[in-house]
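These are the residues of each chain, in order.
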Amino acid sequence: MPTLDDILEHIGEFDLYQKRAFFVLCLLSAAFTPIYVGIVFLGLIPEHHCRSPGVAKLSSRCGWSLEEEWNYTLPKGDIHGDSFVRQCKRYDVDWNITDLNCTNPLDAFTIYKNKSDIPLTTCQDGWFYDFSGSSIVSEFNLVCEDAWKLDLFQSCVNVGFFIGSISIGYLADRFGRKLCLLITILVNSVSGVLMALAPNYTWMVIFRLVQGLVSKGGWLTGYILITEFVGLSYRRTVGIVYQVAFTVGLLVLAAIAYAVPHWRWLQLAVTLPNFFFLLYYWCLPESPRWLIAQKESDKALKIIRRIAKGNKKKLPPSMENLQPEEEVGEKVGPSFLDLVRTPQMRKHTLILMYTWFTSSVLYQGLIMHMGIAGGNIYLDFFYSALVEFPAALILILTIERIGRRYPWAVANLTAGTACLVTALVPQDLYWLKITAACLGRMGITMCYEMVCLVNAELYPTFLRNLGVLVCSSMCDIGGIITPFLVYRLADIWHELPLVVFAVVGLIDGGLVLLLPETKGKTLPETIEEAENMHRQGKHKEKMIYLHVQSSDMKN
């Protein structure tokens, strides 16, 4: 009996019907961007300082400009030895004294004009933000002592990613791709709107957590759905372009954020279009592969005929008897211990876990650090997103010609070196800093794509899904830690996060060279074959890519 891949060769592996479905699912991929990296604009940290009672009245009497008011009344870091004292402290004085002069008003509170003797206090009367729009930072005062709440906001999203990608992957395998996709779209849309209407910080974090629980799982479900009804020869290209659609979403997000500088309206602007994705109920079919695996061949056959009709092809009568693609025979059950039981498998697992962690920390970290770099955040974000397109192109051109290891190592070394250059180059050479940052972004984007591919190629068939699941979970762990690395280390030294990223990336560049080359090699079927991959030289008879086959995708 024919398999689905045999049938697709006759009715079209990637013809008009699949192209239409692929296009609408790419819209879903692009819409995932505001949840994954929206913190850059939602959590924008404006220039801020303490409000001081009486200063406004004094400024009005003296006719000061805003710059003069700040210069005369705010503490200076060079005097008090703390670069952040200007933002988080104010002079503990009474500005309502009537005999203060307008040239040096602080002289009335000092002895021998020594301003360091003036006592300081916290911002008891709130902050003034030099920003025409609004962000969650300016609305909920997530600065100074409460700055950690911004870190928590983004970490909760990644906690949701971690839990949701596993649970929703299971639900998609249990109840179907299409139903799961529609439920995640609905929950994501509703929780996104509720977040925009949240009355306080706590409710905002709760609704963002809910978005994290469903959004990444929904994105992965869309990935699975499209790859399960295209032909084998198109799966790699479809998978890469689906992720390129995410990059397009980055460009759109930058434009919308520039046009809508108020965080609640921005949240609504990027959330409301998600409701249109509920039209997928009529636009997309269920995965025929999943239906065949569930022994619902009649339903699968109806969808196959629908695909054939959309492609203006006819299904041969000899191919109407469908065969499940699972192999017949005794199946070996996967075990967590199998990932570390033997020397080579243990080495592969530990290196891949570190690589997933590195990719997440550097990718999200570079984007978050851009938000506090002090340049034009909208242009910097836009330009750095553009470099993801050549990253995907370089990947497609090199992995089947050169192999996996060397481009992967070079990409890691490029990302690490670029982070170090960005940290050490002075602000006067801003063009060089932004160029290095873009190179780092391109390098880590390639690393992300590469680990998705190689992770699935290093494990035997019965252990492949578990290996990918365990190793890629470090991606979300890295996402949980990254906000604290970026925002807290920047309090010590603004460029310190980049130095940490450089060290992490350079180490990973060396570690990936310890993995075996998988280009042109047969996929391992047993642990023994996986152990001997570094000595294997046979041509690969089949290729597998992360999240492509339903049997290999549980998260």
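All values reported here derive from a predicted model rather than from experimental measurement. (Residues numbered from 1 in each chain as written. Predicted model: local features only at pLDDT ≥ 70, side-chain atom pairs only at ≥ 80, totals over all residues. Heavy atoms only, no water.)

### Here's the deal with the overall build of the protein chain
Here comes step 1: When you go through the protein chain residue by residue, the secondary structure sums to 25 helices and four strands.
Here comes step 2: Split by element, the accessible area of the protein chain, about 24,200 Å² in all, is 64% carbon and sulfur. (Helix = DSSP H or I, 4+ residues; strand = E, 2+ residues; numbered from the N terminus. Areas by Shrake-Rupley, 256 points an atom, 1.4 Å probe, with all protein chains shown as cover.)

### A short note on the packing of helix α13 (residues 235-259) against helix α20 (residues 388-398)
Here comes step 1: Interhelical geometry of α13 versus α20 gives an angle of 170° and a closest axis separation of 10 Å. When the interaxial angle is binned, α13 and α20 end up roughly antiparallel. The handedness of the crossing between α13 and α20 is right-handed. From α13, R236, I240, V244, T247, V248, L250 and L251 reach across to α20, where they touch E388, F389, A392 and I396.
Here comes step 2: The class makeup of the residues in the contact of α13 with α20 is eight nonpolar, one polar and two charged. (Axes fitted to C-alpha atoms, helices over the stretch in contact; angles between N-to-C directions. Parallel < 35°, antiparallel > 145°, perpendicular 65-115°, else oblique. Left-handed = near helix turned anticlockwise from the far one by under 90°. Contact = heavy atoms within 4.5 Å. Nonpolar A, V, L, I, M, F, W, Y, C, P; charged D, E, K, R; others polar.)

### Some details on helix α14 (residues 263-271)
Here comes step 1: Residues of α14 that are buried: W263, L266, Q267, L268, V270 and T271.
Here comes step 2: Residues of α14 that are buried in the fold lie against α3 (33-37), α4 (39-42), α9 (136-140), α11 (177-196), α12 (201-227) and α13. (Buried < 20%, exposed > 50% of the residue type's maximum accessible area, 1.4 Å probe, protein only.)

### Comments concerning a nonpolar patch on the surface
Here comes step 1: On the surface, Y170, L171, F175, L179, I183 and V187 cluster together into a nonpolar patch covering about 560 Å² of accessible area.
Here comes step 2: Among the elements of the structure, α10 (148-175) and α11 are those that each provide at least two residues to the nonpolar patch.
Here comes step 3: Take L171: it is sitting in helix α10.
Here comes step 4: Given the relative accessible area of 37%, L171 is considered partly exposed. (Patch = residues over 30% accessible without salt bridge, like charges linked within 9 Å, V, L, I, M, F, W, Y side chains within 5 Å. Salt bridge = Lys/Arg side-chain N within 4 Å of Asp/Glu carboxyl O.)

### Quick look at the pattern of salt bridges
Here comes step 1: Across all of its chains, the model carries ten salt bridges by this definition.
Here comes step 2: Among the salt bridges present, the one from R90 reaches D125, with a minimum N-O distance of 3.3 Å. With R90 in strand β2 (residues 89-91) and D125 in the loop between β3 (120-122) and β4 (127-130), this pair connects stretches of sequence that are 35 residues apart.
Here comes step 3: Given a relative accessible area of 7%, R90 falls into the buried group.

### Quick word on the packing of α11 against α12
Here comes step 1: Taken N-terminus to C-terminus, the directions of α11 and α12 make an angle of 150°; their axes are 8 Å apart at the nearest point. Between α11 and α12, the crossing angle belongs to the class labelled roughly antiparallel. By crossing handedness, the relation of α11 to α12 is classed as left-handed. Facing α11, whose interface residues are R177, C180, L181, T184, V187, N188, S191, G192, L194 and M195, α12 presents M204, F207, R208, V210, Q211, V214, S215, G218, T221, G222, I224 and L225.

### With respect to the state of the cysteines
Here comes step 1: A complete count under the given rule lists three disulfides for this structure.
Here comes step 2: Between the sulfur atoms of C50 and its disulfide mate C123 the distance is 1.6 Å. On the sign convention where negative means left-handed, the S-S torsion of about -45° between C50 and C123 marks this disulfide as left-handed. One end of the pair, C50, is in strand β1 (residues 47-50); the other, C123, is in the loop between β3 and β4, with 73 residues separating them in the sequence.
Here comes step 3: Disulfide partner of C62: C102, at an S-S distance of 1.9 Å. Looking down the S-S bond of the C62 and C102 bridge, the torsion is -75°, so its handedness is left-handed. Of the two residues, C62 is situated in helix α5 (residues 55-62) and C102 in the loop between β2 and β3; the sequence distance between them amounts to 40 residues.
Here comes step 4: C62 gets classed as buried once you look at its relative accessible area, which sits at 19%. (Disulfide = S-S within 2.5 Å.)

### Concerning the nonpolar core
Here comes step 1: Core analysis: the biggest nonpolar cluster contains 139 residues, and L25, F41, I136, M204, Y280, F381 and W408 have the highest contact counts within it.
Here comes step 2: Sequence-distant contacts of I136, defined by excluding residues within four places in its chain, comprise L42, G43, N141, L142, L150, F153, M204 and W263.
Here comes step 3: By size, the runner-up hydrophobic cluster in this structure holds ten residues, among which are V55, L58, C62 and L106. (Core = buried A, V, L, I, M, F, W, Y, C linked by side-chain atoms within 4.5 Å.)

### Concerning α11
Here comes step 1: Taking 1.5 Å of rise per residue, the 20 residues of α11 would be expected to cover 28 Å, and the 29 Å separating its terminal C-alpha atoms lies within 8% of that figure.
Here comes step 2: Most of α11 is tucked away, with 14 of its 20 residues classed as buried. (Expected span 1.5 Å × (residues − 1).)

### A few points about the side chain of T247
Here comes step 1: Relative to the elements of secondary structure, T247 occurs in helix α13.
Here comes step 2: Residue classification places T247 among the buried residues on the basis of a relative accessible area of 3%.
Here comes step 3: When near neighbours in sequence (up to four residues on either side) are disregarded, T247 contacts A385, E388 and F389.

### What about the environment of G443?
Here comes step 1: Here G443 is to be found in helix α22 (residues 430-457).
Here comes step 2: Along the chain, G443 and G505 lie 62 residues apart, while their C-alpha atoms are 9.8 Å from each other.
Here comes step 3: Residues within four places of G443 in sequence aside, it is in contact with A411 and A415.

### Considerations on the packing of aromatic side chains
Here comes step 1: Tallied over the entire structure, the rule returns 22 aromatic pairs.
Here comes step 2: Geometrically, the ring pair formed by Y36 and F161 is stacked, given 5.8 Å between the ring centres and 20° between the ring planes. Of this pair, Y36 sits in helix α3 while F161 is found in helix α10, placing the two residues 125 residues apart along the sequence. Neither Y36 nor F161 differs from the other in exposure class; each is buried.
Here comes step 3: Plain terms: the ring middles of Y363 and Y448 are 5.7 Å apart, the flat faces sit at 75° to each other, and that makes the pair edge-to-face. Taken together, the residues span a long stretch of sequence, with Y363 in helix α18 (residues 343-371) and Y448 in helix α22 at a distance of 85 residues.
Here comes step 4: Note on Y363: relative accessible area 4%, which makes it buried.
Here comes step 5: Classification of Y448 by relative accessible area gives buried; the value is 15%.
Here comes step 6: One aromatic cluster is present, built from ring pairs that chain together F32, Y36, F161, W219, Y223, Y242, F246, W356, Y363 and Y448.
Here comes step 7: Note that K149 overlies the ring of Y201, its terminal NZ or CZ placed 5.6 Å from the centroid. (Phe/Tyr/Trp six-rings, centres within 6.5 Å; stacked < 30°, edge-to-face > 60°. Lys NZ or Arg CZ within 6 Å of the ring centre and 35° of its normal.)

### Points about the confidence of the model for the protein chain
Here comes step 1: Here the protein chain shows a mean pLDDT of 83. Residues at 70 or above account for 90%.
Here comes step 2: Ranking the elements of the protein chain by mean pLDDT puts helix α7 (residues 77-80) last, at 47, and α14 first, at 96.
Here comes step 3: Every residue in residues 326-331 scores below 50 in pLDDT, and together they form two contacts with partners more than four places removed in sequence or on other chains.
Here comes step 4: Scored below 50 in pLDDT, residues 537-555 makes 68 contacts in the model with residues more than four places away or belonging to other chains. (pLDDT = per-residue confidence, 0-100.)

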